[in-house]
Amino acid sequence: MVSRVIPVEPFDLVIFGATGDLARRKILPGLFRRMVAGQMPPESRVIGTARRELTDAEFRAMADAALSEFAPEADRTPEIRATFLDRLDYVRLDALGAEGWDELAVRLRPDCVRAFYLSVAPTLFGGIAQRLTETGLATPDSRIVVEKPLGHDLASARALNAQLARGFSERQIYRIDHYLGKETVQNLMAIRFANALFEPLWNARHVDHVQITVAESIGIEGRGAYYDRAGAMRDMVQNHLMQLLCLTAMEPPAKFAADAVRDEKLKVIRSLEPIGVAEVAERTVRGQYRAGNGFASYAEEAGNPDSRTESFVAIKAGIANWRWSGTPFYLRTGKRLRARLSEIVVVFRDPPHSIFSGQNQALHGNALIIRLQPDEGITLMMTIKDPGPGGMRLTEVPLDMSFAETLGGSGALPDAYERLIMDVIRGDQTLFMRGDEVEAAWAWTDPIIAAWEELGTRPAPYDPGGSGPEDALMLMHRDHRRWREIEA
Ligand code: NAP
């Protein structure tokens, strides 16, 4: 199957922080792939900016090296690669100073889509937005792209939104959560709202519970300074897991359009049962990996022997609305776990009466598994008769679909960043978070963090390479449920 490429208008994309890790690993390779796919009109230009002194040629050489490392397929297409590099320019610019802005103004053209990608530390977001406004580079149609962390708590998220709002209207602001750019996440909406099969079952009457797991096998990988102040709750739950929960739980929007979808997601966040001091011990688990299996402990990696930051969190969330009341959403995320795995598991209730007495004890029952990582796909677990002459014994089998295979080989799926950058150019905000969503998510997570602090809870230690602390298993066991294994 060949995926359809939606044409975009010619654009000027300015990358602030163009020499940084995100630009090299994701943004530049993503743009290259979109050009190869025929989605980057020849008149388009990418203008990299940072403080260091580079000529256009030196910046192109840096981008060339980034392609070799992060888009190795570029080596097979030297002419196309040269065409891409030719579309790159560089302007030396200090985001907080006066230098460079006039030069940037000269490079920007009045007659094409203009987007500013802030691939810099969030402390610079406000200053850059302000400079873009003062210098008149932010036209009424230009777009600004920012990425997590979008604040550290509700107050800082509000302050950031207010800073951005001084120069840009909400329809110009693109807050990236790259999870929303994944094929499977969008497919979640297609599966729910384009098929008549699931929607009648998508509620507390038929769904026993939902599990959302985002497991990483890596540790904090040199991000200790940032991570030790954030922890799994701020780094993963407030954004990625909340977004997955919203898409799973939301009501059907009136249409597939940015505000219709985002209105429904916001309603879900606002319907989450609050978790405060009274509930936090029963409904949340924090963990921190210790040393083992050849790995250093979290505290050693973070360089903070007394760190109380969680590298794992599990939460039993409840949604207080007609559709979901009584169906818990169990969330968990952590580092140094057995495998890298992200999935949403919708576990359906057992049939009201089993005619196969004594058979179903060990079986999970029907479950729809929406896999985001490592391979994107969907599996429906079905119970069938165990084949053979052994009588009427039941077993579970997967009805499996891998998107990469269905679309004709791995690599056929665009990376989330590729898709999202092109959505920015097209002016489609459906897969981006609105400011009020971000604030509502913080309004739910802040009291949980405050309760942990008030109670002085220490994260429970867990072994690297496992599935997190024992307490996380107990969170489910207490409810006579169990997590699906974390397996690659
Ligand atoms: P990074 O590697 O530290 O790069 C920062 C970039 O900003 C560099 O190009 C740096 O170049 C430039 N810069 C720093 N201060 C500047 C200033 N005053 N004026 C102009 N440019 C300045 O950071 P990163 O990992 O790419 O991350 C960028 C942003 O994306 C951060 O907000 C991060 O949280 C977010 N993010 C990153 C990833 C990832 O995979 N890396 C994933 C999700 C989110 P000079 O030093 O030459 O100025």
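Use the structure listed above.
Scope of this entry: the structure provided in the associated data block. (Residues numbered from 1 in each chain as written. Predicted model: local features only at pLDDT ≥ 70, side-chain atom pairs only at ≥ 80, totals over all residues. Heavy atoms only, no water.)

1. Re the overall build of the protein
Each helix and strand in the protein was counted, giving 15 helices and 15 strands. Against the 2.2 N^0.38 benchmark of 23 Å for 488 residues, the protein shows a C-alpha radius of gyration of 24 Å, consistent with a compact globule. Partitioning the intrachain contacts of the protein with sequence separation of at least 6 by distance along the chain shows that 77% fall at a separation of at least 24. As presented, the protein carries roughly 21,200 Å² of accessible surface, and 53% of it is formed by carbon and sulfur atoms. Counting 58 positive and 67 negative side-chain charges, the protein places the averaged centre of each group 2 Å from the other. (Helix = DSSP H or I, 4+ residues; strand = E, 2+ residues; numbered from the N terminus. Rg over C-alpha atoms; globule rule 2.2 N^0.38 Å. Contact = heavy atoms within 4.5 Å. Areas by Shrake-Rupley, 256 points an atom, 1.4 Å probe, with all protein chains shown as cover. Lys, Arg positive; Asp, Glu negative; His and termini not counted. Charge placed at Lys NZ, Arg CZ, Asp CG, Glu CD.)

2. A look at the packing of helix H2 (residues 56–70) against helix H3 (residues 78–86)
The contact between H2 and H3 brings their axes to 10 Å, and the two run at 135°. Considering their axes alone, H2 and H3 lie oblique with respect to each other. Relative to H3, H2 is oriented so that their crossing is right-handed. Contacts between H2 and H3 pair Arg60, Ala63, Asp64, Leu67 and Ser68 from the former with Arg81, Phe84, Leu85 and Asp86 from the latter. (Axes fitted to C-alpha atoms, helices over the stretch in contact; angles between N-to-C directions. Parallel < 35°, antiparallel > 145°, perpendicular 65-115°, else oblique. Left-handed = near helix turned anticlockwise from the far one by under 90°.)

3. A closer look at the sheet that holds strand E2 (residues 45–50)
Pairing in this open sheet of six strands is parallel, and the strands run E3-E2-E1-E4-E5-E6 from one edge to the other. Two strands bound the open sheet, and with one partner strand each, they are strand E3 (88–92) and strand E6 (173–176). On average, each strand axis in the sheet is inclined to that of its neighbour by 20°, with strand direction left out of account. Across the sheet, helix H1 (residues 21–36) touches strand E1 (11–16), E2, E3, strand E4 (113–118) and strand E5 (143–147), and the angle it forms with E1 is around 170°. Helix-sheet contacts for helix H5 (residues 125–134) involve E1, E4 and E5, and the interaxial angle to E5 is about 175°. (Pairing = 2+ DSSP bridges.)

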